[in-house]
Protein chains: 2
Amino acid sequence: MSRLYKDGFDKECIKEHREEVYGIAYTQNILSGRWKYIILWYLKTKERRYSEIKAFLWDIPQGSLTKQLRELERDGLINRKVYPEVPPRVDYSLTSKGKEFIPIINLMEEFGKKFGEQFGEQVD
Amino acid sequence: MSRLYKDGFDKECIKEHREEVYGIAYTQNILSGRWKYIILWYLKTKERRYSEIKAFLWDIPQGSLTKQLRELERDGLINRKVYPEVPPRVDYSLTSKGKEFIPIINLMEEFGKKFGEQFGEQVD
DNA sequence: CGGTATCCGACCGGATACTG
DNA sequence: CAGTATCCGGTCGGATACCG
């Protein structure tokens, strides 16, 4: 599965802090993936078509994109809406759960903007 | 290096949103690693010894732990303070940059606590 | 105590080809 | 258009053994 880090944490080691640690592990786990944060960021403002996302991420292989989208869907962060048309059309959007993740995305964006270009040591 | 996802984003594809996307990619990148979030969470309240962290994470292999700590240090999120004693003693603590990451940790903890136990579909 | 060094297996992202 | 199927190579985490 690799769905949860539960295995490693379900022991006595983390006893009293189990809930907090498990929470973080869970969040990190469902967001692990090369493009997940970017995809969520892109869906943050509005619904997008598959082709839009693909174009936005430019040269991402279709296989990779589909995989990431499927995982996000599986973990309940995005909705997948299929229109039975020809040619087919699929829209992706954040679920309510996904929307609750937006504040995190925003903070990560801020953090990255602030520190992303600093390559020198910066050790307090 | 794998230090940055820059390669994939430095193209025209993301032109106007380059800064935002790059920020998120940067943040995700320096936090990628099986134990990083947990370690930061554990250091959030106070300085910790190597052996403390190791004990907290219980059965993490030393090699893995050291590697994660080195990467966090390299990326300027934690300080490594060595006491020239026998036996040796090493303390880890958050840098100012690392401390700015605390809000994100807190949100991820909240998010995980809220959704971590829901395994049923929950698609909005 | 707090590491290095080394090896290995699993997983994941990426590429390519094909399809409804 | 929006996938699926398949393969491959790199990377990372984990395990084990040794060191200052």
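Taking an unreviewed UniProt entry as the reference, chain A is identified by name as Transcriptional regulator belonging to Paenibacillus xylanilyticus.

A few words now on the environment of Ile 24 of chain B. Within the secondary structure, Ile 24 of chain B sits in helix α2 (residues 18-30). Note: C-alpha distance between Ile 24 of chain B and Leu 43 of chain B (19 residues apart in sequence) is 23 Å. With sequence-adjacent residues up to four places away left out, Ile 24 of chain B is seen in contact with Tyr 37, Ile 38, Trp 41, Ile 105, Met 108 and Glu 109 of chain A.

As a packed pair, helix α7 (residues 102-115) of chain A and helix α7 (residues 102-115) of chain B sit with axes 10 Å apart at the nearest point and diverge in direction by 160°. Classified by the angle between their axes, α7 of chain A and α7 of chain B sit roughly antiparallel to one another. The element α7 of chain A and its partner α7 of chain B pack so that their crossing is left-handed. Of α7 of chain B, the residues touching α7 of chain A (which contributes Pro 103, Ile 104, Leu 107, Met 108 and Phe 111 of chain A) are Pro 103, Ile 104, Leu 107, Met 108 and Phe 111 of chain B. When its residues are assigned to classes, the contact of α7 of chain A with α7 of chain B shows 10 nonpolar, no polar and no charged.

Next up on the list: the pairing of strand β3 (residues 89-94) of chain A. Here is the key point about a regular strand: its side chains alternate between the two faces of the sheet. Residues and elements named next belong to chain A. Taken across its 6 residues, β3 has 5 buried, putting it largely inside the fold. Bridge analysis of strand β1 (residues 48-49) against β3 gives 2 bridges, and the strand direction is antiparallel. Following the sheet pairing, Arg 48 is matched in β3 by Tyr 92. With 6 bridges joining them, strand β2 (residues 78-83) and β3 adopt antiparallel strand pairing. Counted as the bridge partner of Asn 79 is Ser 93 from β3.

Turning our eyes to something else, we now look at the protein's contact with DNA strand C. Around DNA strand C sit 21 residues in total, of which Trp 35 of chain A together with Ser 51, Gln 62, Arg 70 and Arg 80 of chain B are the nearest. Close to the protein, within 4 Å, the atoms of DNA strand C are drawn from sugar and phosphate at a rate of 70%. In the model, a phosphate oxygen of DNA strand C is placed 2.8 Å from a nitrogen or oxygen of the Trp 35 of chain A side chain. Between DNA strand C and Pro 88 of chain B, the relevant distance is 3.2 Å, taken from a sugar or linking oxygen to a main-chain nitrogen or oxygen of the residue. Of the residues assigned to the surface near DNA strand C, the class counts are 8 nonpolar, 7 polar and 6 charged.

Below, the discussion takes up the pattern of salt bridges. Residue and element names in this part refer to chain A. Enumeration over the complete set of coordinates arrives at 16 salt bridges over all chains. Between Glu 71 and Lys 36 there is a salt bridge, with its nearest N and O atoms 2.7 Å apart. Of this pair, Glu 71 sits in helix α5 (residues 62-74) while Lys 36 sits in helix α3 (residues 36-43); the two residues are 35 residues apart in sequence, bridging distant segments of the chain. Here the salt bridges share partners, and the residues they tie into one network are Lys 44, Glu 109 and Lys 113.

Analysis parameters
Residues numbered from 1 in each chain as written. Chains lettered and ligands numbered in written order. Predicted model: local features only at pLDDT ≥ 70, side-chain atom pairs only at ≥ 80, totals over all residues. Heavy atoms only, no water. Helix = DSSP H or I, 4+ residues; strand = E, 2+ residues; numbered from the N terminus. Contact = heavy atoms within 4.5 Å. Axes fitted to C-alpha atoms, helices over the stretch in contact; angles between N-to-C directions. Parallel < 35°, antiparallel > 145°, perpendicular 65-115°, else oblique. Left-handed = near helix turned anticlockwise from the far one by under 90°. Nonpolar A, V, L, I, M, F, W, Y, C, P; charged D, E, K, R; others polar. Buried < 20%, exposed > 50% of the residue type's maximum accessible area, 1.4 Å probe, protein only. Pairing = 2+ DSSP bridges. Near = heavy atom within 4 Å. Polar contact = N/O pair within 3.5 Å; in protein donor to acceptor, adjacent residues only side chain to side chain. Salt bridge = Lys/Arg side-chain N within 4 Å of Asp/Glu carboxyl O.

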